[in-house]
Amino acid sequence: MPLNTNHTLFKSLPDNELLGLVKSDDSMEAFEELYHRHWKNLYSFAYKRVRSKEISEEIVQDFLTNLWAGRKTLVIKTSFEGYIYTAVRNLVFNYIAKETRRKAYGHFVQLFRVDTDNTTQETIDTRDLQHNIEKGLDDLPVKCRSVFELSRHENKSNKEIASELGISEKTVESHLTKAIKRLRVNLNSAFWML
């Protein structure tokens, strides 16, 4: 009976009070109420932007997991609802940016893959370009190259890479940015030589 009373009490509380309970006494019941109250709308919000059931679920689940993990130090300067939608929107943007980079890289590699129909000169040029890509990767610092290969060749998320290499997600993003910049420089010089 006390469980039902608590459950009814949580249902009647506004978000900010539930959040206060979550922060002050680690109330899993209060967190579950916030979870059930907002999960479906957050999922719909993410789905409208990424059009993938699995990715939308993963984004919302990641957000809610991070919310629970960071509850003690969480500072919200807007409304709780404004905060959660902004946070999920940012995760959606990060996902879209990462996918755009991954697709651009894949498209770029496809453009320069050796075809059996290529003329001899095209084959030589393409091999040279592939050599420049590989050289660019070899010239990267070890950690930077590892991050890039895990992201591009093994299709791991920034979170998975951070966990595997024992570094922060920000550091993963920094390594990816550095790798892409270096590869661009190598490829730009290769284009001028073709």
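Structural notes, computed from the coordinates. (Residues numbered from 1 in each chain as written. Predicted model: local features only at pLDDT ≥ 70, side-chain atom pairs only at ≥ 80, totals over all residues. Heavy atoms only, no water.)

Moving on: the overall build of the chain. Regarding its fold elements, the chain presents nine helices and zero strands. Shown N-terminal to C-terminal, the secondary structure of the chain runs as helices and strands in the order α-α-α-α-α-α-α-α-α. Within the chain, the proportion of its 194 residues that are buried is 34%. Relative to all contacts within the chain whose residues are 6 or more apart in sequence, the contacts with residues 24 or more apart total 56%. Carbon and sulfur atoms form 53% of the exposed surface of the chain, whose accessible area is close to 12,400 Å². (Helix = DSSP H or I, 4+ residues; strand = E, 2+ residues; numbered from the N terminus. Buried < 20%, exposed > 50% of the residue type's maximum accessible area, 1.4 Å probe, protein only. Contact = heavy atoms within 4.5 Å. Areas by Shrake-Rupley, 256 points an atom, 1.4 Å probe, with all protein chains shown as cover.)

Now for the side chain of Ser27. Structurally, Ser27 can be placed in the loop between helix H2 (15-25) and helix H3 (28-50). One polar contact links the side chain of Ser27 to the main-chain amide nitrogen of Ala30, over a distance of 3.1 Å. Contact partners of Ser27, with chain neighbours within four places excluded, come to Phe10, Leu21, Val22 and Trp68. (Polar contact = N/O pair within 3.5 Å; in protein donor to acceptor, adjacent residues only side chain to side chain.)

Per the stated rule, a full pass over the model turns up six salt bridges. Residues Asp62 and Lys159 are paired through a salt bridge, measuring 3.5 Å at the closest nitrogen-oxygen approach. On the criterion of sequence distance, the pair formed by Asp62 in helix H4 (residues 53-69) and Lys159 in helix H8 (residues 158-165) is long-range, its members being 97 residues apart. What makes Asp62 partly exposed here is its relative accessible area of 24%. Within the structure, one salt-bridge network assembled from shared partners comprises Lys11, Asp15, Glu33 and Arg37. (Salt bridge = Lys/Arg side-chain N within 4 Å of Asp/Glu carboxyl O.)

Our next topic: the layout of surface pockets. Within this model, the largest pocket holds a volume of roughly 700 Å³. Around the largest pocket, the lining is made up of 24 residues, and of these Asn94, Tyr95, Lys98, Asn158 and Glu169 lie nearest the centre. Looking at the lining of the largest pocket, the elements with two or more residues in it are H4, helix H5 (80-111), H8 and helix H9 (169-193). The biggest single contributor to the lining of the largest pocket is H5, with eight residues. Looking at the lining of the largest pocket residue by residue, the class counts come to six nonpolar, six polar and 12 charged. (1 Å grid on protein atoms, 1.4 Å probe; cavity = no way out; pocket = protein on both sides within 12 Å on 5 of 7 lines; lining within 4 Å. Points joined across faces, edges and corners; volume = space filled by probe spheres on them. Nonpolar A, V, L, I, M, F, W, Y, C, P; charged D, E, K, R; others polar.)

To continue, consider H8. Taken together, the buried positions of H8 are occupied by Asn158, Ile161 and Ala162. Here the buried residues of H8 occupy an arc of 100° about the axis, which is enough to place them on one side. Gly166 sits one or two residues past H8 and shows a positive phi near 70°. (Arc of directions from axis to C-beta.)

Inspection of the secondary structure puts Glu29 in helix H3. Look at Glu29 and you get partly exposed, because its relative accessible area is 39%. For the pair formed by Glu29 and Leu18, sequence separation is 11 residues and the distance between their alpha carbons is 9.1 Å.

What follows deals with unusual backbone geometry. Most peptide bonds adopt trans geometry, and most residues besides glycine take a negative phi value. Despite not being glycine, Arg51 shows a phi value in the positive range, around 55°. Examined against the element boundaries, Arg51 turns out to sit in the loop between H3 and H4. Residue classification places Arg51 among the exposed positions, given a relative accessible area of 58%.

In this section: the packing of H3 against H4. Their axes nearest at 9 Å, the elements H3 and H4 cross at an angle of 145°. Along this stretch, H3 crosses H4, giving a crossing that reads as right-handed. For the pair H3 and H4, contact is made by Met28, Phe31, Tyr35, Trp39, Leu42, Tyr43, Ala46, Tyr47 and Val50 and by Lys53, Ile55, Ser56, Glu57, Ile59, Val60, Gln61, Phe63, Leu64, Leu67 and Trp68, respectively. Broken down by class, the residue content of the contact of H3 with H4 amounts to 16 nonpolar, two polar and two charged. (Axes fitted to C-alpha atoms, helices over the stretch in contact; angles between N-to-C directions. Left-handed = near helix turned anticlockwise from the far one by under 90°.)

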